[in-house]
Amino acid sequence: MTEHKDPVCEMMVEDGTEAGTYTYKGETFYFCSVSCVDRFKENPEKFLVSRPSPVEMPEHADRKPTNRISTIVLPIEGMSCASCVVKIEKSLSKLHGVSLANVNFGTEKAVVKYDPGLLDMDDFKLAVSGAGAYTIIEDAGNPDKEAQLRRAAFKALKQKFIFSVIIAVITMLLGMKDMIPLLKSIPVRYNDIINFAMFALTTPVLFWAGSQFFKGAFAEARHFSTNMDTLIALGTSVAYIYSTIVTFFSLRIAAHVYFDTTAWIIALILLGRLLESYSKGKTTDAIRSLMALKPQTAWLVQDGTETEVMVDEVVKGDMLRVKPGEKIPVDGIIVEGSSAIDESMLTGESVPVEKALDGEVFAGTINVSGSFVFKAMRTGADTALARIVRLVSEAQGSKAPVERLADKVASYFVPAVIGISIVTAAAWYIFAPGHSVSFALANLVSVLIIACPCALGLATPTAVMVGIGKAARHGILIKGGESLEKAYGITMVLFDKTGTLTQGKPVVTDVIPVDTDPATLLLYTASVESLSEHPLAQAVVIYAKERNVQLRHVDGFRSQAGAGVYGMIDHVSVSIGKPDGGEGKDLAREGKTVLVVKMNGKVSGIIGMQDIPKFDAKEAISKLREQGIKIAMITGDNKDTASAIASELGIDDFQAGVLPSDKAKAVRYYQQKGDKTAMVGDGINDAPALTTADLGIAIGSGTDIAIEASDITVISGELTTIAKALRLAQTTMKIIRQNLFWAFFYNIIAIPVAAGVLYPFFHILLNPVIAAFAMAFSSVSVISNSLRLKTIRV
């Protein structure tokens, strides 16, 4: 299937799925929506002029276009903010042969669609390193390698954070000794010694714990650029350098030092990075868990003998034996025998599927009962399981995060502050009486210290920390600030049905006697079914035991795949199976599973079962609608079953018969209609849809794969909590915006005051002490505003 890039919204459009095409200057363009077509027609050059021009690559005689598109996921090290994403995307997009490059700051991965005949890994490494201090992790695509590197990085970050906090507390106490009873008795003559002690303590915090910020800032400087690391390095180093100068050279201005400020800035920002690192590490776990579903070995049947071989050695056409309880190694078709297959990992449906001759089986699914031989049809990367793994990996990497306001302006803010500080120093040296260098330096430091980006750095992580803590108390696990940003402005919530809106297991809903009484029907049916391990049988047994039915002894029990069960009770033959006539048609139209019970060959009753909605499903949908959010349901079930559940829950919009790989397409359908979507699911088959949606929400009672692939997990499993999660995200993002507004407003006002614009009118001039206090106040105000989240009801 050929894919084309929509020149307006840059979404990939497959042949046959486009909303329209338009030919301009001999080139045909494909569009995902009619609105994109209309926008392109109005001004084609507007969208074509921004397309990156191919980079001139070295000539390689063996490089020829294949006219096919491959996809590669590249784990990238060295990104510190959203501005890094833009640089890497631009560099990769310029490669001749790249049709699409998406970089995800949250997962630290790039998804690149390219012509394999024109490019290889060396080209990608060159492009990434050419964008800045970034590298592609070796063994790209190996989740175990990535997880190992992340764990090592997290451990190092944790050690630096703990060290920084300890030193920050000590230096803060030393700096406030005049206000602490035990310390204020220290004679003034020892102040210099205390300053030297603070210098010695802070130095390793700055140059060891904070080394990553300086490395990032210097790397950006070599490329004539700035990012968040530049802001952090600038703020901490200026306070440190000024304090060092005061300590060693005793300037004639106020002798206050700011070593504690330096230590606290490093400690708090490391805490934010620590939380962010923890959230990012979960993405690799999801892929690794998916890959673990594939068995390592298979039973190869050749010339009547069975040999255990590695799954990687299996090729198309091989005959393979699967025994009861084993996982199916590859995709194929049954050629001998029959069984019931647990395909819940693939379809999300809990009831095993009966498979007989010519039945299709899939890798990773479990053979519940019976033994069979099947012919391998798809192996390796072509299996349904491998495709799901690939979809999750690509979907995780293809979503660009919401760009933080602080990162957007960082490249302008930092040079502007440096320029203002230099102009300030020069102006005071030239025009102030005495032409004092130290006086000019003090004003320069005042500007730089008061413009310290600490408030900018705290605006998001403090609100995120409080918001995540509050969410946890409500049974909601939010993976980080990235997830909160995604949850802001959701307009539609898409629900998986089985196990999400419903209980995920069959429950007896109807016991209808035909030629006997209800008690006898239930007694005989449950007695026979008690010897079967089928989920439908277990549902009948549970129903009977809840009503204190005393089960009878069964003779001659038999179970045949696809034909039901049989047994003798008190010389009465009892057979239970699917309808073979018109029995239970009304129940079937309601989406229920029907079992027909025959006694001595005559129909004696009908048992109806259904996967019923969870107790809070209807209330959860109502609460979401109160927030103005639209609801839709996506399920692999047939239309009758889907319609029955949707009608019961009051859902008008639903899609039935959706295959696992098509759930992600269903999500994109609503996205292309203009909705910002949240997908709620609980099964492995939901993972691609969870990662494709703007926001993935997993139910805590679901599979680990769904939880790891999601942005938010409802730990309690209560659906009504989803509305709380979205409401909390809205509130947290409002707090973050308020914090950012205050941080920027503060700088806009404080920097000119520190530069001395008020001096000619009111003789107001800030020294570094007041500047540092103002800087600290800006940080305190941001933290205090974030703490308001604790008192806000959700």
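Each remark here, short or long, concerns the structure printed above.
Attention in this report is confined to the structure presented alongside it. (Residues numbered from 1 in each chain as written. Predicted model: local features only at pLDDT ≥ 70, side-chain atom pairs only at ≥ 80, totals over all residues. Heavy atoms only, no water.)

**Looking at the overall build of the chain**
Scanning the chain from N- to C-terminus turns up 27 helices and 30 strands. Out of the 794 residues in the chain, the part that is buried amounts to 52%. (Helix = DSSP H or I, 4+ residues; strand = E, 2+ residues; numbered from the N terminus. Buried < 20%, exposed > 50% of the residue type's maximum accessible area, 1.4 Å probe, protein only.)

**Describing the packing of aromatic side chains**
Summed over all chains, the structure comprises 16 aromatic pairs. With a centroid separation of 6.1 Å and an interplanar angle of 65°, the aromatic rings of phenylalanine 199 and phenylalanine 259 are classed as edge-to-face. In this pair, phenylalanine 199 sits in helix α6 (residues 191-209) while phenylalanine 259 sits in helix α9 (residues 259-291), placing the two residues 60 residues apart along the sequence. Ring centres of phenylalanine 741 and phenylalanine 745 lie 5.8 Å apart, and the angle between their planes is 15°; on these two criteria the pair is classed as stacked. Of this pair, phenylalanine 741 and phenylalanine 745 are both found in helix α25 (residues 721-755), four residues apart, which corresponds to roughly one turn of the helix. Overall, the relative accessible area of 38% leaves phenylalanine 745 in the partly exposed class. Taken together, the ring pairs connect Phe196, Phe199, Phe207, Phe214, Phe218, Tyr240, Phe248 and Phe259 into an aromatic cluster. Sitting over the ring of tryptophan 299, lysine 323 keeps its end group 4.0 Å from the ring centre. Sitting over the ring of tyrosine 543, arginine 547 keeps its end group 3.5 Å from the ring centre. (Phe/Tyr/Trp six-rings, centres within 6.5 Å; stacked < 30°, edge-to-face > 60°. Lys NZ or Arg CZ within 6 Å of the ring centre and 35° of its normal.)

**Comments concerning the pairing of strand β22 (residues 564-569)**
Side chains Val565, Gly567 and Ile569 project from β22 onto a buried face, and the interleaved Gly564, Tyr566 and Met568 project onto a face without burial. The pairing of strand β21 (residues 555-560) with β22 spans four bridges and is classified as antiparallel. Within the sheet, the bridge partner assigned to glutamine 560 lies in β22 and is glycine 564. Across five bridges, β22 lies against strand β23 (residues 572-577) in antiparallel orientation. Note that in β23 the partner of glycine 567 across the bridge is valine 574. Hairpin geometry of β22 and β23 is characterised by an intervening segment of two residues between the two adjacent antiparallel strands and by a positive phi of about 50° at aspartate 570. (Pairing = 2+ DSSP bridges.)

**Let's talk about the pairing of strand β5 (residues 70-77)**
Burial runs high along β5: six of the eight residues are buried. Two strands pair when backbone bridges link them, and β5 and strand β7 (residues 109-114) are joined in this way by six bridges, in the antiparallel orientation. Paired with valine 73 across the two strands is valine 111, which belongs to β7. Direction of pairing for β5 relative to strand β8 (residues 135-136): antiparallel, over a ladder of two bridges. Pairing of isoleucine 76 across the sheet is with isoleucine 136, part of β8.

**Examining the packing of α6 against helix α7 (residues 211-222)**
One can describe the packing of α6 onto α7 by two numbers: an axis separation of 5 Å at closest approach and a directional angle of 50°. The angle between α6 and α7 places the two elements in the oblique class. Together, Leu206, Phe207, Trp208 and Ala209 of α6 and Ser211, Gln212 and Phe214 of α7 make up the contact between the two elements. (Axes fitted to C-alpha atoms, helices over the stretch in contact; angles between N-to-C directions. Parallel < 35°, antiparallel > 145°, perpendicular 65-115°, else oblique. Contact = heavy atoms within 4.5 Å.)

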